[in-house]
Amino acid sequence: MAARLGDEDGPGSGSGSASHLTSSPAPASAAGGAVSEGSVSDSASEGSGPVAPAPEGSAPKGSAPEGSASAGARTVTLDDVRSAQKTLSGISRLTALEGSRYLSGLVGSPVHFKCENLQRTGSFKLRGGYVRIAGLSPEERAAGVVAASAGNHAQGVALAASLLGVRSTVFMPEGAPLPKIAATRDYGAEVRLCGQIVDETMRAAQEYAERTGAVFIHPFDHPDIIAGQGTVGLEILEQCPEVRTVVVGIGGGGLAAGIAVAVKALRPDVRVVGVQAEGAAAYPPSLAAGRPVTIDAPVTMADGIKVGRPGEVPFRIIEELVDEVRTVTEDELSSALLLCLERAKLVVEPAGASPVAALLSDPKSFEGPVVAVLSGGNVDPLLMQRILRHGMAAAGRYLSLRLRLTDRPGALATLLGVLSTLDANVLDVSHVRTNPRLGLSEAEVELHLETKGTDHCEDVREALRGAGYTVMAEVMV
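The structure presented is a predicted model; accordingly, all values stated were derived computationally and were not measured.

Caption draft 1: Here's a closer look at the packing of aromatic side chains. Counted under the stated rule, the structure contains 2 aromatic pairs. Over the ring of Tyr 102 we find Arg 343, and its NZ or CZ is 4.2 Å from the ring centre.

Dropping the structure here:
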(Lines give C-alpha, C1' and ligand atoms only; values in the text may rest on other atoms or scores of the structure.)
Protein backbone atom coordinates (compact mmCIF):
# COMPACT_ATOMS: atom_id res chain seq x y z
CA MET A 1 0.00 0.00 0.00
CA ALA A 2 1.66 3.23 -1.08
CA ALA A 3 1.28 6.56 0.65
CA ARG A 4 -0.04 9.39 -1.44
CA LEU A 5 1.03 13.01 -1.39
CA GLY A 6 -2.53 13.93 -0.52
CA ASP A 7 -6.07 12.64 -0.33
CA GLU A 8 -9.53 13.52 -1.53
CA ASP A 9 -9.65 16.55 0.75
CA GLY A 10 -6.95 18.41 -1.14
CA PRO A 11 -3.49 17.99 -2.60
CA GLY A 12 -0.69 16.52 -0.58
CA SER A 13 2.36 18.32 0.57
CA GLY A 14 5.98 18.19 0.62
CA SER A 15 6.76 18.93 4.39
CA GLY A 16 27.72 4.41 13.05
CA SER A 17 25.08 3.01 15.50
CA ALA A 18 22.37 4.87 17.24
CA SER A 19 23.34 6.22 20.62
CA HIS A 20 21.03 5.26 23.46
CA LEU A 21 19.87 7.25 26.44
CA THR A 22 17.48 5.66 28.88
CA SER A 23 15.28 8.15 30.65
CA SER A 24 15.22 7.38 34.31
CA PRO A 25 11.92 7.53 36.16
CA ALA A 26 11.39 10.77 38.01
CA PRO A 27 9.82 10.76 41.45
CA ALA A 28 6.09 11.13 41.05
CA SER A 29 6.03 14.41 42.90
CA ALA A 30 8.66 15.87 40.57
CA ALA A 31 6.95 14.75 37.43
CA GLY A 32 4.42 17.53 37.59
CA GLY A 33 1.52 15.10 37.79
CA ALA A 34 1.87 14.11 34.17
CA VAL A 35 -0.72 11.39 34.52
CA SER A 36 -3.61 11.92 36.83
CA GLU A 37 -5.12 9.26 39.03
CA GLY A 38 -7.70 8.21 36.47
CA SER A 39 -5.13 7.57 33.77
CA VAL A 40 -4.20 4.17 35.18
CA SER A 41 -6.91 3.20 37.62
CA ASP A 42 -9.62 3.96 35.06
CA SER A 43 -8.16 1.27 32.83
CA ALA A 44 -9.82 -1.31 35.01
CA SER A 45 -13.25 0.22 34.60
CA GLU A 46 -15.96 -1.41 32.56
CA GLY A 47 -15.21 -1.45 28.85
CA SER A 48 -11.66 -0.14 29.21
CA GLY A 49 -9.95 -3.38 28.30
CA PRO A 50 -7.66 -5.60 30.35
CA VAL A 51 -4.72 -4.33 32.31
CA ALA A 52 -1.66 -6.51 31.90
CA PRO A 53 -0.20 -7.46 35.29
CA ALA A 54 3.29 -6.31 36.13
CA PRO A 55 5.95 -8.93 36.71
CA GLU A 56 5.99 -10.10 40.31
CA GLY A 57 7.95 -7.80 42.55
CA SER A 58 8.36 -5.07 39.94
CA ALA A 59 6.57 -1.95 38.85
CA PRO A 60 6.79 -1.11 35.14
CA LYS A 61 7.62 2.49 34.37
CA GLY A 62 4.50 4.60 34.23
CA SER A 63 2.33 2.17 36.16
CA ALA A 64 1.66 4.52 39.05
CA PRO A 65 -0.67 2.93 41.59
CA GLU A 66 -4.03 4.43 42.31
CA GLY A 67 -3.73 7.32 44.73
CA SER A 68 0.00 7.78 44.15
CA ALA A 69 1.68 11.18 44.26
CA SER A 70 1.64 11.32 40.45
CA ALA A 71 -2.07 12.10 40.68
CA GLY A 72 -1.33 15.79 41.05
CA ALA A 73 -2.18 18.58 38.65
CA ARG A 74 -4.14 17.22 35.72
CA THR A 75 -2.68 17.24 32.25
CA VAL A 76 -3.73 14.25 30.13
CA THR A 77 -5.54 11.09 31.24
CA LEU A 78 -6.76 7.93 29.58
CA ASP A 79 -10.28 9.34 29.77
CA ASP A 80 -9.09 12.39 27.82
CA VAL A 81 -7.70 10.15 25.08
CA ARG A 82 -10.90 8.12 24.94
CA SER A 83 -12.95 11.30 24.73
CA ALA A 84 -10.70 12.47 21.89
CA GLN A 85 -11.31 9.19 20.10
CA LYS A 86 -15.06 9.83 20.22
CA THR A 87 -14.53 13.38 18.95
CA LEU A 88 -12.49 12.07 16.02
CA SER A 89 -15.06 9.45 15.01
CA GLY A 90 -15.74 9.92 11.32
CA ILE A 91 -12.97 12.53 11.06
CA SER A 92 -9.63 10.74 11.30
CA ARG A 93 -8.92 7.43 9.62
CA LEU A 94 -8.21 4.16 11.38
CA THR A 95 -4.85 3.82 9.65
CA ALA A 96 -3.50 0.45 8.60
CA LEU A 97 -1.13 -1.73 10.58
CA GLU A 98 1.22 -3.30 8.01
CA GLY A 99 3.71 -6.08 8.73
CA SER A 100 7.36 -5.83 7.70
CA ARG A 101 8.85 -9.22 6.88
CA TYR A 102 12.33 -7.76 6.43
CA LEU A 103 12.43 -5.99 9.82
CA SER A 104 10.75 -8.96 11.48
CA GLY A 105 13.66 -11.07 10.31
CA LEU A 106 16.19 -8.63 11.75
CA VAL A 107 14.42 -8.21 15.08
CA GLY A 108 13.55 -11.89 15.41
CA SER A 109 9.86 -11.24 16.09
CA PRO A 110 6.96 -9.53 14.29
CA VAL A 111 7.39 -5.87 13.37
CA HIS A 112 4.42 -3.79 12.22
CA PHE A 113 4.13 -0.27 10.79
CA LYS A 114 1.36 1.98 12.11
CA CYS A 115 0.77 3.93 8.90
CA GLU A 116 -0.08 7.48 9.95
CA ASN A 117 1.51 8.52 6.67
CA LEU A 118 -1.82 7.36 5.20
CA GLN A 119 -3.83 9.59 7.53
CA ARG A 120 -5.84 12.51 6.10
CA THR A 121 -3.44 15.37 5.31
CA GLY A 122 -0.62 12.80 5.31
CA SER A 123 0.20 12.76 9.05
CA PHE A 124 -1.16 12.27 12.56
CA LYS A 125 -1.43 16.03 13.11
CA LEU A 126 -5.11 16.19 12.13
CA ARG A 127 -5.98 14.23 15.27
CA GLY A 128 -4.68 16.72 17.80
CA GLY A 129 -5.59 19.78 15.75
CA TYR A 130 -9.21 18.72 15.40
CA VAL A 131 -9.62 17.84 19.08
CA ARG A 132 -8.11 21.18 20.13
CA ILE A 133 -10.33 23.28 17.86
CA ALA A 134 -13.44 21.20 18.58
CA GLY A 135 -12.98 22.01 22.27
CA LEU A 136 -13.06 25.80 21.77
CA SER A 137 -16.01 27.84 22.99
CA PRO A 138 -18.32 29.49 20.43
CA GLU A 139 -16.67 32.84 21.21
CA GLU A 140 -13.20 31.42 20.63
CA ARG A 141 -14.26 29.79 17.37
CA ALA A 142 -15.68 33.09 16.19
CA ALA A 143 -12.28 34.73 16.76
CA GLY A 144 -10.59 32.17 14.51
CA VAL A 145 -7.43 30.14 15.05
CA VAL A 146 -3.80 30.68 14.13
CA ALA A 147 -0.92 28.22 13.87
CA ALA A 148 2.73 28.11 12.85
CA SER A 149 4.26 25.18 11.02
CA ALA A 150 6.56 24.11 8.21
CA GLY A 151 4.01 21.60 6.95
CA ASN A 152 2.20 18.82 8.81
CA HIS A 153 0.68 20.83 11.66
CA ALA A 154 -0.23 23.55 9.16
CA GLN A 155 -2.27 21.12 7.09
CA GLY A 156 -3.82 19.43 10.12
CA VAL A 157 -5.03 22.73 11.56
CA ALA A 158 -6.21 23.99 8.16
CA LEU A 159 -8.36 20.92 7.51
CA ALA A 160 -9.63 20.68 11.10
CA ALA A 161 -10.68 24.33 11.10
CA SER A 162 -12.35 23.97 7.72
CA LEU A 163 -14.34 20.92 8.88
CA LEU A 164 -15.48 22.82 11.98
CA GLY A 165 -16.32 26.03 10.10
CA VAL A 166 -13.59 28.05 11.83
CA ARG A 167 -11.43 30.66 10.10
CA SER A 168 -7.73 29.71 10.19
CA THR A 169 -4.50 31.59 9.56
CA VAL A 170 -1.27 29.65 9.27
CA PHE A 171 2.21 31.18 9.39
CA MET A 172 4.84 29.24 7.47
CA PRO A 173 8.59 29.87 6.92
CA GLU A 174 9.46 31.74 3.76
CA GLY A 175 11.45 28.76 2.53
CA ALA A 176 8.66 26.23 3.02
CA PRO A 177 8.27 23.91 0.00
CA LEU A 178 5.64 25.09 -2.48
CA PRO A 179 3.60 21.84 -2.31
CA LYS A 180 3.17 22.31 1.45
CA ILE A 181 2.07 25.90 1.05
CA ALA A 182 -0.38 25.00 -1.71
CA ALA A 183 -1.85 22.11 0.30
CA THR A 184 -2.38 24.27 3.39
CA ARG A 185 -4.19 26.88 1.32
CA ASP A 186 -6.31 24.26 -0.39
CA TYR A 187 -7.35 22.89 2.99
CA GLY A 188 -8.86 26.31 3.67
CA ALA A 189 -6.27 28.34 5.60
CA GLU A 190 -4.94 31.80 4.90
CA VAL A 191 -1.18 31.29 4.61
CA ARG A 192 1.30 33.98 5.64
CA LEU A 193 4.99 33.48 4.95
CA CYS A 194 7.22 34.84 7.68
CA GLY A 195 10.73 34.09 8.97
CA GLN A 196 13.38 31.64 7.88
CA ILE A 197 12.94 29.06 10.65
CA VAL A 198 9.91 27.74 12.51
CA ASP A 199 10.90 29.50 15.75
CA GLU A 200 10.58 32.88 14.00
CA THR A 201 7.33 31.79 12.41
CA MET A 202 6.01 30.67 15.81
CA ARG A 203 6.70 34.09 17.33
CA ALA A 204 4.91 35.80 14.46
CA ALA A 205 1.86 33.57 14.94
CA GLN A 206 1.76 34.24 18.68
CA GLU A 207 2.01 37.98 18.09
CA TYR A 208 -0.87 37.70 15.61
CA ALA A 209 -2.94 35.86 18.22
CA GLU A 210 -2.30 38.57 20.81
CA ARG A 211 -3.13 41.31 18.31
CA THR A 212 -6.30 39.81 16.84
CA GLY A 213 -7.70 37.58 19.58
CA ALA A 214 -7.35 34.45 17.42
CA VAL A 215 -6.65 31.26 19.39
CA PHE A 216 -3.08 30.02 18.97
CA ILE A 217 -3.04 26.27 18.24
CA HIS A 218 0.29 24.98 19.52
CA PRO A 219 1.71 22.01 17.58
CA PHE A 220 2.43 19.89 20.67
CA ASP A 221 2.33 21.75 24.00
CA HIS A 222 -1.35 21.48 24.96
CA PRO A 223 -3.35 18.68 26.69
CA ASP A 224 -5.99 18.58 23.93
CA ILE A 225 -3.33 18.15 21.26
CA ILE A 226 -1.70 15.34 23.23
CA ALA A 227 -5.04 13.62 23.88
CA GLY A 228 -5.81 13.69 20.16
CA GLN A 229 -2.44 12.22 19.25
CA GLY A 230 -2.93 9.59 21.96
CA THR A 231 -5.70 8.00 19.91
CA VAL A 232 -2.90 6.45 17.84
CA GLY A 233 -1.95 4.49 20.98
CA LEU A 234 -5.49 3.22 21.49
CA GLU A 235 -5.60 2.03 17.88
CA ILE A 236 -2.27 0.23 18.24
CA LEU A 237 -3.55 -1.75 21.23
CA GLU A 238 -6.75 -2.61 19.36
CA GLN A 239 -4.94 -3.66 16.18
CA CYS A 240 -2.02 -5.47 17.84
CA PRO A 241 -3.08 -6.68 21.31
CA GLU A 242 0.10 -8.74 21.66
CA VAL A 243 2.44 -5.72 21.16
CA ARG A 244 5.46 -5.56 23.48
CA THR A 245 7.26 -2.44 22.20
CA VAL A 246 6.00 0.77 20.56
CA VAL A 247 8.61 2.93 18.80
CA VAL A 248 7.73 6.52 17.94
CA GLY A 249 9.58 9.61 16.73
CA ILE A 250 9.86 12.60 19.07
CA GLY A 251 10.05 16.28 18.14
CA GLY A 252 8.26 18.47 20.66
CA GLY A 253 6.79 15.34 22.19
CA GLY A 254 3.04 15.53 21.60
CA LEU A 255 2.67 12.23 19.74
CA ALA A 256 4.97 10.22 22.00
CA ALA A 257 3.33 11.64 25.12
CA GLY A 258 -0.18 10.87 23.91
CA ILE A 259 0.72 7.33 22.89
CA ALA A 260 2.47 6.77 26.22
CA VAL A 261 -0.60 7.91 28.20
CA ALA A 262 -2.87 5.51 26.33
CA VAL A 263 -0.51 2.54 26.18
CA LYS A 264 0.84 2.71 29.73
CA ALA A 265 -2.63 3.10 31.24
CA LEU A 266 -3.93 -0.03 29.55
CA ARG A 267 -0.71 -2.04 29.13
CA PRO A 268 1.99 -0.89 31.57
CA ASP A 269 4.15 -3.86 30.52
CA VAL A 270 4.58 -2.45 26.98
CA ARG A 271 7.80 -0.52 26.41
CA VAL A 272 7.49 2.86 24.73
CA VAL A 273 10.69 3.96 22.98
CA GLY A 274 11.11 7.48 21.60
CA VAL A 275 13.46 8.34 18.74
CA GLN A 276 15.11 11.66 17.90
CA ALA A 277 17.43 12.78 15.13
CA GLU A 278 20.97 13.03 16.48
CA GLY A 279 21.35 16.64 15.32
CA ALA A 280 18.08 17.76 16.90
CA ALA A 281 17.93 15.73 20.10
CA ALA A 282 16.62 18.04 22.82
CA TYR A 283 15.13 15.29 24.96
CA PRO A 284 18.32 13.50 26.16
CA PRO A 285 19.78 16.65 27.79
CA SER A 286 16.35 17.68 29.03
CA LEU A 287 15.74 14.31 30.68
CA ALA A 288 19.20 14.48 32.23
CA ALA A 289 18.44 17.96 33.59
CA GLY A 290 14.92 17.08 34.73
CA ARG A 291 13.42 20.00 32.82
CA PRO A 292 13.06 21.14 29.19
CA VAL A 293 16.27 22.68 27.90
CA THR A 294 16.93 24.37 24.58
CA ILE A 295 19.53 23.15 22.11
CA ASP A 296 21.03 25.67 19.72
CA ALA A 297 20.56 25.37 15.96
CA PRO A 298 19.12 21.87 15.58
CA VAL A 299 20.15 20.35 12.25
CA THR A 300 18.46 17.40 10.56
CA MET A 301 16.72 16.48 7.34
CA ALA A 302 13.79 15.30 9.50
CA ASP A 303 11.98 18.63 9.75
CA GLY A 304 8.96 16.99 11.39
CA ILE A 305 11.01 16.33 14.55
CA LYS A 306 13.39 19.29 14.24
CA VAL A 307 12.44 20.97 17.51
CA GLY A 308 14.95 22.78 19.70
CA ARG A 309 13.05 22.55 23.00
CA PRO A 310 10.57 20.00 24.39
CA GLY A 311 7.08 21.18 25.27
CA GLU A 312 6.41 21.60 28.98
CA VAL A 313 3.30 19.41 29.00
CA PRO A 314 4.62 16.51 26.88
CA PHE A 315 8.00 16.59 28.63
CA ARG A 316 6.53 15.71 32.02
CA ILE A 317 4.57 12.84 30.50
CA ILE A 318 7.55 11.50 28.55
CA GLU A 319 9.78 11.84 31.61
CA GLU A 320 7.42 9.63 33.59
CA LEU A 321 6.04 7.21 31.02
CA VAL A 322 8.45 6.77 28.09
CA ASP A 323 10.96 4.04 28.85
CA GLU A 324 13.81 5.16 26.63
CA VAL A 325 14.82 7.85 24.13
CA ARG A 326 17.28 6.93 21.38
CA THR A 327 18.97 8.98 18.69
CA VAL A 328 19.63 8.12 15.05
CA THR A 329 22.01 9.58 12.48
CA GLU A 330 21.19 11.18 9.14
CA ASP A 331 22.56 8.13 7.32
CA GLU A 332 20.28 5.88 9.37
CA LEU A 333 17.29 8.09 8.56
CA SER A 334 18.10 7.95 4.85
CA SER A 335 18.47 4.17 4.92
CA ALA A 336 15.17 3.83 6.79
CA LEU A 337 13.32 6.00 4.30
CA LEU A 338 14.74 3.94 1.45
CA LEU A 339 13.69 0.72 3.15
CA CYS A 340 10.12 1.98 3.59
CA LEU A 341 9.95 2.88 -0.08
CA GLU A 342 11.60 -0.24 -1.50
CA ARG A 343 10.44 -2.97 0.87
CA ALA A 344 7.09 -1.66 2.16
CA LYS A 345 6.11 0.50 -0.84
CA LEU A 346 5.33 3.34 1.58
CA VAL A 347 6.21 7.00 1.05
CA VAL A 348 7.42 8.21 4.44
CA GLU A 349 9.06 11.50 5.39
CA PRO A 350 12.36 11.41 7.34
CA ALA A 351 10.67 12.15 10.69
CA GLY A 352 8.20 9.35 10.04
CA ALA A 353 11.03 6.95 9.26
CA SER A 354 12.89 7.63 12.52
CA PRO A 355 11.43 4.57 14.35
CA VAL A 356 12.52 2.38 11.41
CA ALA A 357 16.01 3.91 11.63
CA ALA A 358 16.20 2.94 15.30
CA LEU A 359 15.13 -0.63 14.49
CA LEU A 360 17.73 -0.90 11.72
CA SER A 361 20.52 0.44 13.93
CA ASP A 362 20.09 -2.09 16.74
CA PRO A 363 17.37 -4.62 15.88
CA LYS A 364 18.15 -7.18 18.58
CA SER A 365 17.55 -4.65 21.38
CA PHE A 366 13.79 -4.53 20.75
CA GLU A 367 11.39 -7.06 22.25
CA GLY A 368 8.64 -8.00 19.85
CA PRO A 369 6.06 -7.81 18.61
CA VAL A 370 7.08 -4.24 17.76
CA VAL A 371 4.91 -1.46 16.35
CA ALA A 372 6.82 1.38 14.64
CA VAL A 373 4.73 4.51 14.13
CA LEU A 374 5.23 6.02 10.66
CA SER A 375 4.06 9.46 11.71
CA GLY A 376 3.89 11.17 8.31
CA GLY A 377 4.43 10.91 4.58
CA ASN A 378 4.59 14.56 3.52
CA VAL A 379 7.93 15.01 1.82
CA ASP A 380 8.85 17.50 -0.87
CA PRO A 381 9.69 15.65 -4.12
CA LEU A 382 13.03 17.45 -4.49
CA LEU A 383 14.00 16.59 -0.93
CA MET A 384 12.89 13.02 -1.54
CA GLN A 385 15.22 12.80 -4.53
CA ARG A 386 18.19 13.99 -2.46
CA ILE A 387 17.32 11.75 0.48
CA LEU A 388 17.01 8.68 -1.70
CA ARG A 389 20.41 9.31 -3.25
CA HIS A 390 21.86 9.83 0.22
CA GLY A 391 20.17 6.69 1.49
CA MET A 392 21.41 4.63 -1.44
CA ALA A 393 24.93 5.93 -0.87
CA ALA A 394 24.71 5.04 2.84
CA ALA A 395 23.58 1.55 1.83
CA GLY A 396 26.47 1.15 -0.61
CA ARG A 397 24.25 1.51 -3.65
CA TYR A 398 26.03 4.62 -5.00
CA LEU A 399 29.75 5.23 -5.26
CA SER A 400 31.18 8.54 -6.44
CA LEU A 401 34.91 8.79 -7.05
CA ARG A 402 37.38 11.32 -8.38
CA LEU A 403 40.52 9.80 -9.87
CA ARG A 404 43.47 10.80 -12.02
CA LEU A 405 44.70 9.12 -15.18
CA THR A 406 47.13 9.74 -18.04
CA ASP A 407 45.70 12.06 -20.67
CA ARG A 408 46.06 10.00 -23.84
CA PRO A 409 43.66 8.68 -26.49
CA GLY A 410 41.65 5.74 -25.24
CA ALA A 411 42.42 6.32 -21.52
CA LEU A 412 38.81 7.00 -20.60
CA ALA A 413 37.56 4.02 -22.63
CA THR A 414 40.07 1.78 -20.83
CA LEU A 415 38.82 3.02 -17.46
CA LEU A 416 35.20 2.37 -18.39
CA GLY A 417 36.21 -1.10 -19.58
CA VAL A 418 37.61 -1.91 -16.13
CA LEU A 419 34.34 -0.80 -14.55
CA SER A 420 32.28 -2.89 -16.95
CA THR A 421 34.10 -6.05 -15.87
CA LEU A 422 33.14 -5.22 -12.27
CA ASP A 423 29.43 -4.89 -13.16
CA ALA A 424 29.36 -1.31 -11.84
CA ASN A 425 26.79 0.78 -13.69
CA VAL A 426 28.14 4.22 -14.69
CA LEU A 427 25.52 6.91 -14.06
CA ASP A 428 27.57 9.99 -14.83
CA VAL A 429 31.10 10.91 -15.97
CA SER A 430 32.86 14.26 -15.71
CA HIS A 431 36.17 14.40 -17.64
CA VAL A 432 38.45 17.38 -16.84
CA ARG A 433 41.58 17.89 -18.92
CA THR A 434 42.38 21.54 -18.23
CA ASN A 435 42.90 22.56 -14.62
CA PRO A 436 45.81 24.27 -12.80
CA ARG A 437 46.11 21.34 -10.38
CA LEU A 438 46.67 18.86 -13.23
CA GLY A 439 50.00 18.05 -14.83
CA LEU A 440 50.53 18.50 -18.54
CA SER A 441 49.78 14.84 -19.31
CA GLU A 442 47.09 14.29 -16.68
CA ALA A 443 43.31 14.24 -16.71
CA GLU A 444 40.83 13.97 -13.88
CA VAL A 445 37.61 11.96 -13.99
CA GLU A 446 34.69 12.10 -11.58
CA LEU A 447 32.54 8.99 -11.71
CA HIS A 448 29.09 8.33 -10.25
CA LEU A 449 28.42 4.61 -10.11
CA GLU A 450 25.47 2.44 -9.18
CA THR A 451 26.75 -0.41 -7.03
CA LYS A 452 25.33 -3.44 -5.22
CA GLY A 453 26.34 -2.82 -1.64
CA THR A 454 29.29 -1.97 0.56
CA ASP A 455 31.26 -5.10 -0.41
CA HIS A 456 30.82 -4.30 -4.11
CA CYS A 457 32.01 -0.72 -3.48
CA GLU A 458 35.20 -2.04 -1.89
CA ASP A 459 35.72 -4.44 -4.83
CA VAL A 460 35.49 -1.46 -7.23
CA ARG A 461 38.02 0.56 -5.22
CA GLU A 462 40.49 -2.33 -5.04
CA ALA A 463 40.15 -3.12 -8.74
CA LEU A 464 40.81 0.50 -9.73
CA ARG A 465 43.87 0.67 -7.51
CA GLY A 466 45.04 -2.66 -8.87
CA ALA A 467 44.70 -1.34 -12.44
CA GLY A 468 47.05 1.54 -11.55
CA TYR A 469 44.53 4.34 -11.08
CA THR A 470 45.02 6.90 -8.32
CA VAL A 471 41.79 7.52 -6.43
CA MET A 472 41.99 11.15 -5.31
CA ALA A 473 38.80 11.30 -3.24
CA GLU A 474 35.33 9.96 -2.74
CA VAL A 475 32.70 12.53 -3.66
CA MET A 476 29.66 13.15 -1.50
CA VAL A 477 26.42 12.27 -3.28
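Caption draft 2: Seen up close, the environment of Val 145. Its location among the elements puts Val 145 in strand E6 (residues 145-148). Since its relative accessible area comes to 1%, Val 145 is described here as buried. C-alpha of Val 145 to C-alpha of Ala 214: the two residues are 69 residues apart in sequence and 4.9 Å apart in space. Setting aside chain neighbours within four positions, we find Val 145 in contact with Ile 133, Leu 136, Val 157, Ala 161, Val 166, Arg 167, Ser 168, Thr 169, Ala 214, Val 215 and Ile 217.

Caption draft 3: Local environment of the side chain of Ser 149. With respect to the element layout, Ser 149 can be found in the loop between E6 and helix H6 (152-163). Looking at Ser 149, its side chain comes within polar contact range of the main-chain nitrogen of Gly 151, at 2.9 Å. A distance of 3.4 Å separates a polar atom in the side chain of Ser 149 from the backbone nitrogen of His 153. Each residue touching Ser 149, except ones within four places of it in the same chain, is listed here: Ala 154, Phe 171, Met 172 and Pro 173.

Caption draft 4: Expanded view of the nonpolar core. By size, the foremost hydrophobic cluster in this structure holds 67 residues, and its most contacted members are Ile 133, Val 145, Ile 259 and Val 373. The greatest single-element share of this core, amounting to 10 residues, is contributed by helix H10 (residues 254-266). In terms of nonpolar packing, the next biggest core, distinct from the first, is built from 40 residues, Val 111, Cys 115, Ala 357 and Val 370 among them.

Caption draft 5: Focus on the packing of H10 against helix H12 (residues 312-321). For the pair H10 and H12, the least separation of the axes is 9 Å and the interaxial angle reads 45 degrees. For the element pair H10 / H12, the angle class is oblique. Remark: the crossing between H10 and H12 carries left-handed chirality. For the pair H10 and H12, the contacting residues are Gly 254, Ala 256, Ala 257, Ala 260, Val 261 and Lys 264 in the first and Pro 314, Ile 317, Ile 318 and Leu 321 in the second. Of the residues assigned to the contact of H10 with H12, the class counts are 8 nonpolar, 1 polar and 1 charged.

Caption draft 6: The arrangement of the sheet that holds strand E8 (residues 190-193) in detail. Taken in spatial order, the 4 strands make up an open sheet running E8-E7-E6-E9, and their pairing is parallel. Each edge of the open sheet carries a strand with a single partner, namely E8 and strand E9 (215-216). As paired elements, strand E7 (residues 168-172) and E8 share 4 bridges and run parallel to each other. From the neighbouring strand, Phe 171 faces E8, where its bridge partner is Arg 192. Lying over the sheet, helix H8 (residues 198-212) contacts E6, E7, E8 and E9, oriented at roughly 165 degrees with respect to E6.

Caption draft 7: Molecular detail of helix H13 (residues 330-343). With 14 residues, H13 should reach 20 Å at 1.5 Å per residue; the first-to-last C-alpha distance of 20 Å fits that figure. Looking only at H13, the buried set comprises Glu 332, Leu 333, Ser 334, Ala 336, Leu 337, Leu 338, Leu 339 and Cys 340. Downstream of H13 by one or two residues, Lys 345 has phi in the positive range, about 60 degrees.

Caption draft 8: Representation of helix H4 (residues 125-134) in the model. Among the 10 residues in H4, 9 count as buried, and that is most of the element. Lys 125, Leu 126, Arg 127, Gly 128, Gly 129, Tyr 130, Val 131, Arg 132 and Ile 133 are the residues of H4 that are buried. On its buried face, H4 sits against helix H2 (78-87), helix H5 (138-143), E6, H6, E9 and helix H9 (223-239).

Caption draft 9: Summary view of the packing of H4 against H6. Where H4 meets H6, the axes come as close as 8 Å, and the angle between the chain directions of the two elements is 45 degrees. Between H4 and H6, the crossing angle belongs to the class labelled oblique. Remark: the crossing between H4 and H6 carries right-handed chirality. Contact residues: H4 offers Lys 125, Leu 126, Gly 129, Tyr 130 and Ile 133, while H6 offers Asn 152, His 153, Gly 156, Val 157, Leu 159, Ala 160, Ala 161 and Leu 163. Here the residues of the contact of H4 with H6 sort into 8 nonpolar, 4 polar and 1 charged.

Caption draft 10: Broad picture of the state of the cysteines. All chains considered together, the criterion is met by 0 disulfides. Distance from the sulfur of Cys 340, which forms no disulfide, to the nearest cysteine sulfur (Cys 115) is 8.8 Å. Here Cys 340 falls in the buried class, since its relative accessible area comes to 0%.

Caption draft 11: Spotlight on the side chain of Ser 400. If you trace the backbone, Ser 400 turns up in strand E14 (residues 398-406). Judged by its relative accessible area of 4%, Ser 400 is buried. Within the local environment of Ser 400, its side chain forms a polar contact with the side chain of His 448, the two groups lying 2.7 Å apart.

Caption draft 12: Spotlight on unusual backbone geometry. Here Gly 368 and Pro 369 are connected by a cis peptide whose omega angle stands at 0 degrees. On the secondary structure map, Pro 369 appears in the loop between helix H14 (354-361) and strand E13 (370-374). Despite not being glycine, Lys 345 shows a phi value in the positive range, around 60 degrees. With respect to the element layout, Lys 345 can be found in the loop between H13 and H14.

Caption draft 13: Local environment of the pairing of strand E10 (residues 245-249). Judged by how many residues are buried, E10 sits mostly within the fold: 5 of 5 residues are covered. Of the two faces of E10, the one holding Thr 245, Val 247 and Gly 249 and the one holding Val 246 and Val 248 are both buried throughout. With 5 bridges connecting them, E10 and strand E11 (residues 271-277) associate as parallel partners. The partner of Val 247 across the bridge, within E11, is Val 273. With 3 bridges joining them, E10 and E13 adopt parallel strand pairing. Counted as the bridge partner of Val 246 is Val 371 from E13.

Each value, and the rule that gives it
Per-chain numbering applies: the sequence of each chain, read as written, is numbered from 1 onward. Per-residue local features are limited, in this predicted model, to residues with pLDDT of at least 70; the limit for side-chain atom pairs, both in listing and counting, is 80 or more; totals at the level of whole chains, interfaces and linings are taken over all residues. Derived side-chain values reflect all non-hydrogen atoms in the structure, with water molecules and hydrogen atoms excluded from consideration. Each Phe, Tyr or Trp ring, with Trp reduced to its six-membered ring, pairs with another whose centre is within 6.5 Å; inter-plane angles below 30 degrees give stacked pairs, above 60 give edge-to-face pairs, and intermediate values give tilted ones. Geometrically, a lysine NZ or arginine CZ counts as sitting over a ring once it is within 6 Å of the ring centre and also within 35 degrees of the ring normal. For helices the rule is a DSSP run of H or I covering at least 4 residues; for strands it is a run of E covering at least 2, with both sets numbered from the N terminus onward. Throughout this description, buried means an accessible area under 20% of the type-specific maximum (1.4 Å probe, protein chains only), exposed means over 50%, and partly exposed covers the range between. The criterion used for residue contact is that any of the two residues' heavy atoms lie within 4.5 Å. Any pair of nitrogen or oxygen atoms within 3.5 Å is treated as a polar contact; in protein, a donor-acceptor pairing is required on top of that, and neighbouring residues in sequence qualify only through side-chain atoms on both sides. Residues belong to a common nonpolar core when they are buried Ala, Val, Leu, Ile, Met, Phe, Trp, Tyr or Cys residues joined through side-chain atoms within 4.5 Å. Note on geometry: axes are C-alpha line fits, over the in-contact stretch for helices, and angles between N-to-C directions span 0 to 180 degrees. Oblique is the label for any angle not under 35 degrees, not over 145, and not in the 65 to 115 range, which are roughly parallel, roughly antiparallel and roughly perpendicular in turn. A crossing counts as left-handed when the near helix is turned anticlockwise from the far one by less than a right angle, and as right-handed when that turn is clockwise. Three classes are used: nonpolar for Ala, Val, Leu, Ile, Met, Phe, Trp, Tyr, Cys and Pro, charged for Asp, Glu, Lys and Arg, and polar for all others, with Gly counted as polar. DSSP calls a pair of strands paired once it identifies at least 2 bridges connecting them. Multiplying 1.5 Å by the helix residue count minus one yields the expected span of that helix. Throughout, a disulfide means two cysteine sulfur atoms within 2.5 Å of one another.

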